[in-house]
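In case you want the letters, here they are:
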Amino acid sequence: MTNITNQTRRDFIKTSAVAGGGLALGFYLPGSVSNVQAAEAAMPNSWVRITPDNTVTILVARSEMGQGVATSMPLLVAEELEVDFTKVKIEFAPPGEVYINSLLGGQLTGGSTSVRDAWEKLRKAGASARLMLVAAAAAQWGVPAAQCSASMGVITGPGGKKLTYGQVAAAAATQEVPKDVPLKPVSQFKLVGKATQKRVDTPAKVRGDSMFGIDTRLPGMLYAAVAMSPVIGGKVASYDDTRAKAMPGVRAVVQYSRGVAVVADSYWQAKKAKDLLEVEWDGGANAGLSMGKLWAGLRTASKQPGAVFRESGDADGALAGATKTITSTYQLPFLSHSPMEPQNTTAHVTADKALIITPTQFQQLIPHVVGGATGLKPEQVEVRTTYLGGGFGRRVEVDYAIDAAEISKLAGNVPVKMIWSREDDMTHDSYRPAGLFTLTAGLDANNKPVAVRFHSTSPSISARLFPSIVKDGIDPFAVEGIDNFPYAVPNLKFTYQMHDTGVTVGYWRAVSHNLNAVALECFVDELAHAAGKDPLQYRLDNVSLGQEKHKWSGLSAGVAVGQRMKVVLEQVRQKSGWDTPLPKGRGRGVAVMEGYNSVIAMVVEVTASANFDVSVDRVVAVVDAGPLIHPDQALAQMQGTINFGQSACMYGEITVKNGAVEQGNFDQYRVVRMNESPKSIEVHFLPFAEGQPPGGLGEPGTAVVQPAIANAIFAATGKRLHRLPFTPEHIRSA
Amino acid sequence: MAISFVVNGKSQSVDVAPDTPLLWVLRDTLGMVGTKFGCGKALCGACTVHLNGMAIRSCQTPVGSVAGQKVTTVEGLNNNNVQKAWVALDVPQCGYCQPGQMMSASALLAANRNPSDADIDAAMSGNICRCGTYPRIRAAIKAAAKMA
Ligand code: FES
Ligand code: FES
């Protein structure tokens, strides 16, 4: 997987017959991933499957982890296919080259890219299928296709003749794939963008019968509980399983690559026996790692010059000549993803094949890594993606699928469901990187910024996961949220210093926006304060209206969006009542950001007690995300990201002691609960221009809410926060 | 020794160690996987079920202690007003926490026909939703209260 930046490819459409006669249609994107199955393997894949009994199945090639892709992506297909959406069957797609996410270069769910990638592709898939169905009906009637129309799965010809999609599906499969597929203008949408649209997966989720990974059952299945090294990256030195093996129900105790697994007839039997294992661990390089040493390492590394990723003018010269300089360093901790469903996988590995049933964001990688771990070829590995009980980036990792496959094989090729405890999950996460983020601004005599210097020091996620995208010391995912610095300052110099701390780091919802943009939007507030300006007005006054292109903008707009920023700021001023005073002890803060081509401004209101207990009372967001495929779920993503970001900045901190993560469960790693969630979250989506593509919404809100909260705490308490999370202790000592 | 109790109106008899948490008996022994595992320590509420109408955390309830009693799970809510409101407001995102949320909400509404925001906070704060569906859960509880 090498392609991470935007890259346009010619889409190839291929058709093939569905077993039993019918139409299957998919896009084949050649050459995008080097290591996937041969092109033939992509042939039975499709976005749409129509069978003679009029069953229309739409395949979803992204993982449903709550963000609503199981609804939004089929909506795009159905909009052009002209079918009754309430009767459409939805299925999750297997791994296949056809399903590669063009924005990420892999069949991967992440980066708020699902609908951005799908926006044209899936409407074209639907339209192509419709045109082929109509052409088949026209051929059967011997009339020009132009005299036929399609609606609700029925083709109507001259004189009111009718054929259903099912009746012509087999013939349609042999039709030529249309080359130029015209798409409806947005104004004619019947399904996409409708406020009343419901999620397709809600009824089953409310009945309690949607199948998550952890709910998988196979005939003869056993259960595995595991012991893994408390020290990050540690290995088993030796173990004694005498007591564990004597426990009822235990079928096997096996040592696998990173631990010891107890396999038993039920999970509880496996877990109880696992607790009796006596394992000696070899902690390895991390054995002595603790936070003091870790932060000292980051501080030392931060003295390095780093790699320049954005530069204009002469920042060092302008800083030297500035009337005044302001410097702040923000310290952000490691964070755990902690989705509600702990990691798990059901695996059945036999001599010549493997079945892997798992909640994953990266199904395409699993055949390769499981094949590698079990001695099978990738094509011998079948992967089934279940519903995901949350993902947030944790399930881009495939570690737990490998573990389960190894355990299944070692336990005698039996089907095994491996379930991690919450503690396993929290202590074996790939954490949001910790880091130090230093901003320095040079101000002229009128307190106008003439130079900004940004220097970050943090571990690189991509250096482990996708090393080929890390070049000249720059991880594109480490500079997002700051490479697109949106303010008009003539002299800029931005640098990134990569520094591995020994703690495994991973992509965490909104990734480095949660680091860089958080630091930046806190800092901009400090600049506004120094200038004696209202922080919202200050942003309006300083937003760049230029057309700068952003070199490392990967998943962002790629170009300055100052005008869009001004609009969201002006709107949020109005909608939040920014200019009305709040009583003592309460405060309002603002932040703005472009990420994933969505531009979001938020105003947050907090109340701070005398002891610096902070409650987040109200959040007002104005969002320019272009066309919304599923407006109610766009709202849900904003509500969700606001809560997720609040958890991070108010409570989130993972620490290590002697190489082991100290937080094991939700008592030690606190997340927002009902009583802490803002009583009022108002989200206003802006109208969009025809032709404006959709922005991503699964992530950016997470990063915007955090500095808005910090700035609101400043307004309420006068305490300028440089260290997250915003606990009473950190506020008091600020 | 078999342990007998009633689940969703049906008598069940299971032959497991009495210290086995009710959660795993429901999920593994009885195959009723609607009740979820989230933390195993009574910290998240994903495993919430009703014991004689009261919301309890099944991960911390040994099955031996429910012998002869009545357990209700999400599979036994029978499309109640809470479920109707959950569907009407499209509450779930990933959905994993929602069986537990609905069990807590149903118990709340059974005891309090018209809960205030403070009542909702008190009854629901044991249930974590990592996806952040709290605004909709609150609205759906109020909507369900109006249906009664
Ligand atoms: S699993 Fe029982 S409260 Fe979390
Ligand atoms: S809906 Fe995902 S945890 Fe609540």
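Residues numbered from 1 in each chain as written. Chains lettered and ligands numbered in written order. Predicted model: local features only at pLDDT ≥ 70, side-chain atom pairs only at ≥ 80, totals over all residues. Heavy atoms only, no water.

1. Digging into the overall build of chain A
The number of helices and strands found in chain A is 19 helices and 28 strands. Scaling as 2.2 N^0.38, a compact globule of 734 residues should have a C-alpha radius of gyration of about 27 Å, and chain A matches this with 27 Å. Dimensions of chain A, computed from C-alpha atoms along their principal axes, come out at roughly 80 × 75 × 45 Å. For chain A, the proportion of its 734 residues judged to be buried stands at 65%. With the model as given, the accessible surface of chain A reaches about 24900 Å², and the carbon-plus-sulfur share is 53%. (Helix = DSSP H or I, 4+ residues; strand = E, 2+ residues; numbered from the N terminus. Rg over C-alpha atoms; globule rule 2.2 N^0.38 Å. Buried < 20%, exposed > 50% of the residue type's maximum accessible area, 1.4 Å probe, protein only. Areas by Shrake-Rupley, 256 points an atom, 1.4 Å probe, with all protein chains shown as cover.)

2. Some thoughts on the side chain of A:Thr374
Its location among the elements puts A:Thr374 in helix α10 (residues 366-374). When near neighbours in sequence (up to four residues on either side) are disregarded, A:Thr374 contacts A:Val349, A:Ala405 and A:Lys409. (Contact = heavy atoms within 4.5 Å.)

3. With respect to helix α14 (residues 513-530) of chain A
Residues and elements named next belong to chain A. Relative to the 26 Å expected for 18 residues at 1.5 Å per residue, α14 spans 25 Å between its end C-alpha atoms, a close match to the ideal helical length. Counting buried residues along α14, 16 of its 18 residues qualify, which places the element largely inside the surrounding structure. Where α14 ends, the next residue or the one after it, Gly532, has phi of about 70°, a positive value. (Expected span 1.5 Å × (residues − 1).)

4. A few points about the domain arrangement of chain B
Residue and element names in this part refer to chain B. In terms of domain boundaries, chain B breaks down into domain 1 (3-74) and domain 2 (77-147). The distance between the C-alpha centroids of domain 1 and domain 2 comes to 20 Å. Taken residue by residue, the interface counts 16 residues in domain 1 and 13 residues in domain 2. Each partner contributes to the roughly 1200 Å² buried at the junction of domain 1 and domain 2, and carbon and sulfur atoms together form 58% of this total. The tally of links between domain 1 and domain 2 comes to zero salt bridges. Linking domain 1 with domain 2 are six residue pairs in polar contact (both at pLDDT 80 or more), by the criterion used here. Those elements that place two or more of their residues in the side of domain 1 that touches domain 2 are β3 (48-51) and β4 (54-57). At three residues, the largest contribution of residues to the side of domain 1 that touches domain 2 is made by β3. Here the residues of the side of domain 1 that touches domain 2 sort into seven nonpolar, seven polar and two charged. (Domains from an automatic or database assignment. Buried area = accessible area lost by both parts, 1.4 Å probe. Salt bridge = Lys/Arg side-chain N within 4 Å of Asp/Glu carboxyl O. Polar contact = N/O pair within 3.5 Å; in protein donor to acceptor, adjacent residues only side chain to side chain. Nonpolar A, V, L, I, M, F, W, Y, C, P; charged D, E, K, R; others polar.)

5. Regarding unusual backbone geometry
All names here are of chain A. Residue Pro725 is bonded to the preceding Leu724 through a cis peptide linkage, with omega at -5°. As for its position among the elements, Pro725 is in the loop between α18 (700-717) and α19 (728-732). With a phi angle near 45°, Val511 is a residue other than glycine that sits in the positive phi range. Along the chain, the position of Val511 falls in the loop between β22 (491-498) and α14. On the basis of relative accessibility, which here comes to 8%, the residue Val511 falls in the buried class.

6. With respect to the side chain of A:Glu521
All names here are of chain A. Counting through the fold element by element, Glu521 comes out in helix α14. By relative accessible area, which is 3% here, Glu521 ends up buried. At 2.7 Å, the side chain of Glu521 forms a polar contact with the side chain of Tyr487. Setting aside anything within four residues of it in sequence, one finds Glu521 in contact with Tyr487, Arg539, Ala591, Val592, Pro707 and Asn711.

7. Overview of the sheet that holds strand β5 (residues 70-72) of chain B
Residue and element names in this part refer to chain B. A sheet is described by the order of its strands in space; here five strands give the open sequence β2-β1-β5-β3-β4, paired in mixed fashion. Of all the strands in the sheet, just β2 (10-14) and β4 have a single pairing partner and so form its edges. If you compare each strand with its neighbour and ignore which way they point, the axes differ by 40° on average. Of the strand pairs in this sheet, β3 and β4 are connected by four bridges, and their pairing is antiparallel. Counted as the bridge partner of His50 is Ala55 from β4. In this fold helix α1 (residues 22-29) packs onto β1 (3-7), β2, β3, β4 and β5, with an angle of close to 80° to the strand it touches most, β1. Packed on one face of the sheet, helix α3 (residues 98-111) meets β3, β4 and β5 and runs near 35° to β3. (Pairing = 2+ DSSP bridges. Axes fitted to C-alpha atoms, helices over the stretch in contact; angles between N-to-C directions.)

8. Describing the packing of helix α2 (residues 69-81) of chain A against helix α3 (residues 114-141) of chain A
All names here are of chain A. In the contact formed by α2 and α3, the axes pass within 6 Å of each other and the chain directions differ by 35°. Seen from above, α2 lies across α3 with right-handed handedness. Side by side, α2 and α3 meet where Val69, Ser72, Met73, Leu76, Val77, Glu80 and Leu81 of the first sit next to Ser114, Val115, Ala118, Trp119, Leu122, Arg123, Gly126, Ala127, Ala129, Arg130 and Leu133 of the second. (Left-handed = near helix turned anticlockwise from the far one by under 90°.)

9. A short note on the domain arrangement of chain A
All names here are of chain A. Under the domain assignment, chain A is made up of domain 1 (5-184), domain 2 (213-284 + 343-419) and domain 3 (292-335 + 430-732). A straight line from the C-alpha centre of domain 1 to that of domain 3 covers 39 Å. Each partner contributes to the interface: domain 1 provides 16 residues, whereas domain 3 provides 18 residues. For the domain 1 and domain 3 pair, buried surface summed over both sides reaches about 1300 Å², with 64% attributable to carbon and sulfur atoms. Of all residues in domain 1, the largest losses of buried area upon contact with domain 3 belong to Ser112, Arg116 and Trp119, amounting jointly to 43% of the total for that side.

10. Description of the pattern of salt bridges
Residues and elements named next belong to chain A. Counted according to the given criterion, the structure contains 50 salt bridges over all chains. Between Arg49 and Glu91 there is a salt bridge; the shortest N-O distance is 2.7 Å. Here Arg49 is found in strand β3 (residues 48-50), whereas its partner Glu91 is found in strand β5 (residues 89-92), with 42 residues between them in sequence. Residues Lys179 and Glu176 are paired through a salt bridge, measuring 3.7 Å at the closest nitrogen-oxygen approach.

11. Quick look at α3(A)
All names here are of chain A. In a regular helix each residue adds 1.5 Å, so 28 residues correspond to 40 Å; α3 covers 39 Å between its end C-alpha atoms and thus fits that length. At Glu120, α3 shows its maximal bend, which comes to roughly 35°. Within α3, 22 of the 28 residues are buried, leaving the element largely enclosed by the surrounding structure. (Bend = angle between axes of the 7 residues up to and from the residue.)

12. Quick look at empty space enclosed by the protein
Residues and elements named next belong to chain A. The tally for this structure, following the rule as stated, stands at eight cavities of 30 Å³ or more. Roughly 660 Å³ of volume is contained in the largest cavity. Along its surface, the largest cavity is lined by 45 residues, and Gln67, Ser112, Thr113, Gly698 and Glu699 are the ones closest to its centre. Sorting elements by how many residues they give to the lining of the largest cavity places helix α17 (residues 631-651) first, with three residues. (1 Å grid on protein atoms, 1.4 Å probe; cavity = no way out; pocket = protein on both sides within 12 Å on 5 of 7 lines; lining within 4 Å. Points joined across faces, edges and corners; volume = space filled by probe spheres on them.)

13. Some details on the sheet that holds strand β8 (residues 162-164) of chain A
Residues and elements named next belong to chain A. Across the sheet, three strands lie side by side as β6-β7-β8; this open sheet has antiparallel pairing. The open sheet has two edge strands, β6 (149-151) and β8, and neither has a second partner. Neighbouring strand axes in the sheet, compared pairwise and without regard to direction, differ in orientation by 25° on average. Of the strand pairs in this sheet, strand β7 (residues 154-156) and β8 are connected by three bridges, and their pairing is antiparallel. Across the sheet, residue Thr156 finds its bridge partner in β8, namely Lys162. The strands touched by α3 within the sheet are β6, β7 and β8, with β7 carrying the most contacts at an inclination of about 50°. In the packing of helix α4 (residues 165-172) onto the sheet, contacts are made with β6, β7 and β8, and the angle to β8 comes to roughly 75°.

14. A few points about the interface of chain A and chain B
The interface of chain A with chain B comprises 62 residues on the first partner and 48 residues on the second. Ranking the residues of chain A by area buried against chain B places A:Val206, A:Met340 and A:Met674 at the top, with a combined share of 19%. The residue B:Arg136 makes a salt bridge to A:Asp632 at a minimum N-O spacing of 2.9 Å. In this structure, the connection of chain A to chain B is made through 32 residue pairs in polar contact (both at pLDDT 80 or more). The set of elements that each furnish at least two residues to the side of chain A that touches chain B consists of α5 (202-207), α7 (267-274), β19 (416-419), α12 (422-427) and α17 of chain A. Among the elements that line the side of chain A that touches chain B, the one with the most residues is α17(A), at ten residues. Its residues assigned to classes, the side of chain A that touches chain B shows 26 nonpolar, 21 polar and 15 charged.

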